[in-house]
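Coordinate analysis (summary)
Each chain, letter by letter, is given below.
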Amino acid sequence: MLKVGILGGGQLGRMLLQAAANYPVETFVMENEPDCPAAHLCHHFIKGDIRDYEDVFNFGKGLDAITIEIESVNEDALEALETAGVKVYPRPSALRIIKNKIRQKQFYAEQDVPSPGFVITRSLQELAQHADFLPAVHKIGAGGYDGRGVQVISSIEDIPKGFDAPAVLEKKISIHKEIAQIVAVDEQGHAALYPQVDMVFNPELNLLDYQISPAELKDAVLWRAEAIALKVVKALQSPGIFAVELFVDKEGEVYVNETAPRVHNSGHHTIEGNYSSQFDMLWRIILQYPLGNTAAILPAAIVNILGEEGYSGKAKYEGLPEVLEMENVFVHIYGKRETRPGRKMGHVTIVSADRQDLLHKQNRIRRLLKVVSEGD
Ligand code: ADP
């Protein structure tokens, strides 16, 4: 049986392990927090720091293959493991391109992939020299995650809000829709595309509010998104699962925002909504089986379950019986002990042939389901 390791023990690792249970594979997880969402679903949990060279190398050296559920891993160690014969998904060379937003933007430019125009800034002082480039979005090169490394700079008054560190200043796009295109690539370079997802963000928390698939756009725009996403993943030259996040503007122009070289929150609905989920598909790739069927069984929507504002501490879930009473609704609680305002605690997937039904249920679930803390 192949031994496969996952770096990171969050919800993505947990869902990956749920899919692994169907395959002949021995699973290993490394993460600092022994009580993390993935810790109790793997065969072997190893406490360690995914950013530390020694920890990552020692974790991976006895394994057949290794994958990631978060980008902030030690890529030098992954490179050494690859040299030592461990298969790494995605390849460290692809991870290196993506991990730093400056490198990622340069890669799109080199590959002629449409992406918002940009300049590189190394300090606030340099940012101030680009007043003619505004309105724009400032994105920190290394270390940003879930909107925390992104700042809109509308005018020169906003410049102090920018990053005093290497960053990209990107032209602000007038966004009509944000969509995600998940692509699976096997060892031989065959690719399979999932139907696109419409992503709707919560402007306050800058976190995904809900998503719905298939995306509702003209066929020509969807084909363009597919072609662009395929171009990105082919150029990355790596097997794995890739989530290409795209902007569509009012004119129907498509731009790449960013790419994640791993299973992604924009693909949660594929567990119930598609024949082969993104998690199932990654195991097929790692275990060298044929790619699965990406087609949708039914249209699907997901709602994130976020920690309620004003509550911190041991998590308590309100409204689950009412949600579970609804038809074709699937609850995923990630098993995080502690809630905090805005923390991703779970998600709910809804499947239905009727888009109105998806939207209606999505709204109702958001009103019904609350994560509060015990003792309140
Ligand atoms: P993160 O990696 O933290 O998710 P993103 O680069 O995806 O950050 O940016 C977060 C959000 O900011 C996007 O989902 C989008 O709504 C907005 N945004 C990012 N870049 C641009 C841009 N060039 N023009 C307009 N809005 C943008």
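This write-up is about the structure you can find in this document. (Residues numbered from 1 in each chain as written. Predicted model: local features only at pLDDT ≥ 70, side-chain atom pairs only at ≥ 80, totals over all residues. Heavy atoms only, no water.)

**A few points about a nonpolar patch on the surface**
A contiguous nonpolar surface patch, about 290 Å² in accessible area, is contributed by Tyr275, Ile297 and Leu298. Along the polypeptide, Ile297 turns up in the loop between helix 9 (278-286) and strand 16 (300-306). In this structure Ile297 comes out as partly exposed when scored by relative accessible area, which is 43%. (Patch = residues over 30% accessible without salt bridge, like charges linked within 9 Å, V, L, I, M, F, W, Y side chains within 5 Å. Areas by Shrake-Rupley, 256 points an atom, 1.4 Å probe, with all protein chains shown as cover. Salt bridge = Lys/Arg side-chain N within 4 Å of Asp/Glu carboxyl O. Helix = DSSP H or I, 4+ residues; strand = E, 2+ residues; numbered from the N terminus. Buried < 20%, exposed > 50% of the residue type's maximum accessible area, 1.4 Å probe, protein only.)

**Comments concerning helix 4 (residues 92-99)**
The α-helix advances 3.6 residues per turn, and as a result positions three or four apart in sequence lie on the same side. Restricting attention to buried positions, one finds in helix 4 the residues Pro92, Ala94, Leu95, Ile97 and Ile98. Buried residues belonging to helix 4 abut strand 4 (65-68), helix 3 (75-83), strand 5 (87-89), helix 5 (101-110), helix 7 (219-236) and strand 15 (254-260). (Contact = heavy atoms within 4.5 Å.)

**Regarding unusual backbone geometry**
With an omega dihedral of 0 degrees, the bond running from Tyr89 to Pro90 counts as a cis peptide bond. Residue position: Pro90 is located in the loop between strand 5 and helix 4. The peptide bond linking Leu134 to Pro135 adopts the cis configuration, its omega dihedral lying at 0 degrees. Tracing the backbone shows Pro135 in the loop between helix 6 (124-127) and strand 7 (136-140). The phi torsion at Gln237 lies on the positive side, around 50 degrees, for a residue other than glycine. Here Gln237 is to be found in the loop between helix 7 and strand 14 (240-249). With a relative accessible area of 60%, Gln237 lands in the exposed category.

**What about the nonpolar core?**
In terms of nonpolar packing, the biggest core is built from 31 residues, with Ile241 and Trp283 touching the most fellow members. Among the secondary structure elements, those contributing two or more residues to this core are strand 1 (2-7), helix 1 (11-20), strand 2 (25-31), strand 10 (175-185), strand 14 and helix 9. Beyond its immediate sequence surroundings of up to four residues, Trp283 is in contact with Val4, Ile6, Leu16, Ala19, Ala20, Tyr23, Val25 and Thr27. Counting 26 residues, the second-largest nonpolar core is a separate cluster that includes Ala94, Phe107, Val113 and Ala215. (Core = buried A, V, L, I, M, F, W, Y, C linked by side-chain atoms within 4.5 Å.)

**Comments concerning the sheet that holds strand 7**
Pairing is antiparallel across the open sheet formed by four strands, whose spatial order is 6-9-7-8. Two strands bound the open sheet, and with one partner strand each, they are strand 6 (118-121) and strand 8 (150-153). Here the average twist between neighbouring strands, direction ignored, is 25 degrees. (Pairing = 2+ DSSP bridges. Axes fitted to C-alpha atoms, helices over the stretch in contact; angles between N-to-C directions.)

**Digging into helix 9**
Within helix 9, eight of the nine residues are buried, which leaves the element mostly enclosed by the surrounding structure. Those residues of helix 9 lying buried are Gln278, Phe279, Asp280, Met281, Leu282, Trp283, Ile285 and Ile286. Remark: Gln288 follows helix 9 within two positions and exhibits a positive phi of approximately 65 degrees.

**Here's the deal with the packing of helix 4 against helix 5**
At a closest axis distance of 5 Å, the pairing of helix 4 and helix 5 adopts a crossing angle of 105 degrees. By the angle class used here, helix 4 and helix 5 are roughly perpendicular. Along the contact surface, helix 4 presents Arg96, Ile97, Ile98 and Lys99, while helix 5 presents Lys101, Arg103, Gln104 and Phe107. Considering only residue class, the contact of helix 4 with helix 5 consists of three nonpolar, one polar and four charged. (Parallel < 35°, antiparallel > 145°, perpendicular 65-115°, else oblique. Nonpolar A, V, L, I, M, F, W, Y, C, P; charged D, E, K, R; others polar.)

**Regarding the sheet that holds strand 4**
Taken together, five strands build an open sheet; the order of strands is 3-2-1-4-5 and the sheet is parallel. Two strands close off the open sheet at either side, each with one partner strand: strand 3 (44-47) and strand 5. Across this sheet, the average inter-strand angle for adjacent strands is 20 degrees, counted without regard to direction. Taken together, the six bridges between strand 1 and strand 2 define a ladder with parallel strand orientation. Within the sheet, the bridge partner assigned to Val4 lies in strand 2 and is Thr27.

**So, the side chain of Gln104**
When you line up the elements, Gln104 lands in helix 5. Only 2.9 Å separates the side chain of Gln104 from the backbone nitrogen of Thr259, close enough to count as a polar contact. Beyond its immediate stretch of four places on either side in the chain, Gln104 contacts Ile97, Ile98, Asn257, Glu258 and Thr259. (Polar contact = N/O pair within 3.5 Å; in protein donor to acceptor, adjacent residues only side chain to side chain.)

**Considering the pairing of strand 14**
Of all ten residues making up strand 14, ten are buried, and the element is well covered by its neighbours. By the alternation rule, side chains of strand 14 split into Gly240, Phe242, Val244, Leu246 and Val248 and Ile241, Ala243, Glu245, Phe247 and Asp249, which are all buried. Of the strand pairs in this sheet, strand 10 and strand 14 are connected by ten bridges, and their pairing is antiparallel. Across the sheet, the residue bridging to Ala180 is Glu245, located in strand 14.

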